[in-house]
Structure formats: C-alpha cells, structure tokens
Amino acid sequence: MTQTLTLRRPDDWHLHLRDGAMLQAVLPETARHFARAIIMPNLVPPVVTGDQAAAYRDRILAALPEGMRFEPLMTLYLTEETDPEDVAAAAASGLIKAVKLYPAGATTNSASGVRDFDKVRGVLEKMAEIGLPLCVHGEVTDPEIDIFDREAVFIDRVLDPVRRATPGLRVVMEHITTSGAADYVRAQDGDDLGATITAHHLIINRNHILVGGIKPHYYCLPVAKRESHRLALVGAATSGDARFFLGTDSAPHTDANKESACGCAGCFTATNTMSLVAEVFDRENAMDKLEGFTSLNGPAFYRLPANETTITLEKGEPVSYPDHIDSGDGPVTVFDPGFPLHWRVA
Ligand code: NCD
Ligand code: ZN
C-alpha cells in the first residue's frame, strides 16, 4: 500500500534563481513544486532599487515555461546607499516582500553589502515602521573569526544589537546552521523573529564535506557545522514551532565553478527538496509537522495567505533524480543526500 500525504502547495522562503541561461534552466525545477519563493537579489550587479527588482521580476516571469505558475517574491539588496523611500515605495506597491542584508564579503556576490550598520539605520527604521522583513545572512566576515563560529559571533555582535536598536524590526535569520541560532529564535517573545532552514543543512554535517576527500557539492555558506548542530536543526524544523520554515537556499553554480581550486559556495536542491525534506521528517516520525514547515509557517510570518492549491507526496520505492541539470552555462549538480529518498511529489 502506498502512503500518501496531501499538503498545501509549499513555498521556498530563500531561493537563488540567477539570471539569463541559468535562470532559464533552474526556474522550472522550483516552479514544478513551489508556488512562490523569496528571490535572492545577489546578482552581479545586485538588485538594489525598486526599478531593478521590477525588471528582474519580469525576466523571471518571462523565463517561466508555458503552463507553469509561480510567483516570485522580490527582495532588495541592502547597501549603505539604499534609500528608505525607495524601499517603502517598492513595499507599498507589493513588488518587494523583504530586504536582504549581506554583511559585505560574507558570501557569493556580497561585495556591495553592509560594512557600517549606522549607515543603514534609516532604512531599518523605515522597515520596522512598515513591517517589512529583513532577511539576514547571519555571518560575520572578520578574518579573525573562525568560519565555523561566524554565525554565533554574528548573533552576539550584530544581530542582537541591531534588533535592540530597532524595536519592531521583523527579521528572518536565514539558513541557520547552529543550535545557538535555533535557541536564539526560541528565546524571543512575539512574532518579529523567524528562521529559515535549508534541506541540505538537515542532512549534512561538516564531515560530509571533508571526510574521505573534499566534496565541493556539499560546500555552501554558512558552511555545515558538526553533527550536534544538524540534530538541533532537525529538532527545530520538526518541532512544529511556527518560527521555523523552509528556505532552500538552492544556489546553482556550474560544475566548473564548484569543482575548482577555489570552488563557489552553494548547494543546488531545487530539484529534489520536497523528497529530501519529507525523508528527514519521516525518519523523525514528524510527517504531521511537514506542512507547517513547508507551507504554513512561512506565509504566516510574511503575513501572506497560505496557498489554496495542494501537492500530494507518495511514499514508495526509492525515487531517482538526475544527477545534474543542464544549463546554457554548463551542468549543475543536483544535491545528493547520500541515502535513498522514498517520497516523491505525485
Ligand atoms: C549563495 C549563492 O551562491 O548565491 N551561496 C551559498 O552558499 N548559500 C549565497 C548565499 O546565500 O550565501
Ligand atoms: Zn542564499
């Protein structure tokens, strides 16, 4: 007998679609299962103004194959020059749903990010006033700080002070990777703080990247931490706590750019996310919490309606996925969890 589970259609609260040929190749992988996604603005050059976000949204919609439905939820890349009024206008028109904070130099295409938080005070205050969420890449970039400690140090040195200085600012801690980050979310009162968790951080720890030969396709930022942290993330995701929701951080790079002496950070999970996450939840006997994580908690945080349409998951013989997808820029490897996946989207 096949086991099935029908869920409201999921959304992805953190997604990299890129542009041009790569956009064309990866967009259907997400749109097949997801109704909406928060679109990361770290293009080269970044999406900084409302006009740029509108143009990018139009390019995304133009790349959507006939017959597929998908709503890109646009974001602006916060720079020290961002104009609070431009942000407010783009939010008021419904164009953007969040602003993205990258500490300068933290990750792929983040050179235009913020160095001096005093320079973005006006924008953050405006966002608090209008209730527009700030999506945060939570890692410090101080070369003195060990890469495995950068999220924890960010919470102490940047996130907590910024939140205290800007009462009412709504924040999403994106792609959390540590038990400390999950604890920080749980310790807050009110509904101003949420966190996304990726599929891959529910599956890999740092051994997967480094033991038995370096595995560039498991390298992403924030880098996966030790096993106790992975377990804490699984605990948070499957707990039913509405402050945790799925943001895949699916981040396509060509194999040439990943399998290199200086390989790019990012795991490409758009193709198999729902199978990955269902497998993790099933192993925890938490299938009853899956819909909250993938389809309800995110919309509630963003104050958007949950999707009315549904998808049905089926459990059976292991599902196979292509090991890569082709893009006009070259092949992109699909994340391999290293174990069989039994749930598929019907
Ligand atoms: C992302 C990318 O490739 O754009 N990479 C990643 O490892 N997650 C950037 C990011 O979200 O940090
Ligand atoms: Zn990302």
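Let me sum up the structure you'll find in this document. Since the structure is predicted, the reported quantities are computational estimates derived from the model, not experimental observations. (Residues numbered from 1 in each chain as written. Chains lettered and ligands numbered in written order. Predicted model: local features only at pLDDT ≥ 70, side-chain atom pairs only at ≥ 80, totals over all residues. Heavy atoms only, no water.)

A closer look at the overall build of the protein chain
A count of helical and extended segments in the protein chain gives 11 helices and 13 strands. Taking 20 Å as the expected radius of gyration for a compact globule of 346 residues, we find that the protein chain reaches 19 Å, a close match to that expectation. With respect to the principal axes defined by its C-alpha atoms, the protein chain has extents near 55 × 45 × 40 Å. Out of the 346 residues belonging to the protein chain, those deemed buried represent 58%. For the protein chain, the share of sequence-separated contacts (at least 6 apart) that also reach a separation of at least 24 residues comes to 74%. Approximately 13800 Å² of the protein chain is accessible, and the part contributed by carbon and sulfur atoms is 50%. Positive and negative charge centroids in the protein chain, built from 32 and 47 side chains respectively, lie 2 Å apart. (Helix = DSSP H or I, 4+ residues; strand = E, 2+ residues; numbered from the N terminus. Rg over C-alpha atoms; globule rule 2.2 N^0.38 Å. Buried < 20%, exposed > 50% of the residue type's maximum accessible area, 1.4 Å probe, protein only. Contact = heavy atoms within 4.5 Å. Areas by Shrake-Rupley, 256 points an atom, 1.4 Å probe, with all protein chains shown as cover. Lys, Arg positive; Asp, Glu negative; His and termini not counted. Charge placed at Lys NZ, Arg CZ, Asp CG, Glu CD.)

Digging into helix α4 (residues 121–130)
Those residues of α4 that fall on the buried side of the exposure criterion are V123, L124, K126, M127 and A128. Buried positions along α4 lie against α3 (84–92), β5 (96–101), β6 (134–136) and α5 (150–165). Directly beyond the C-terminal end of α4, a positive phi value near 75° is found at G131.

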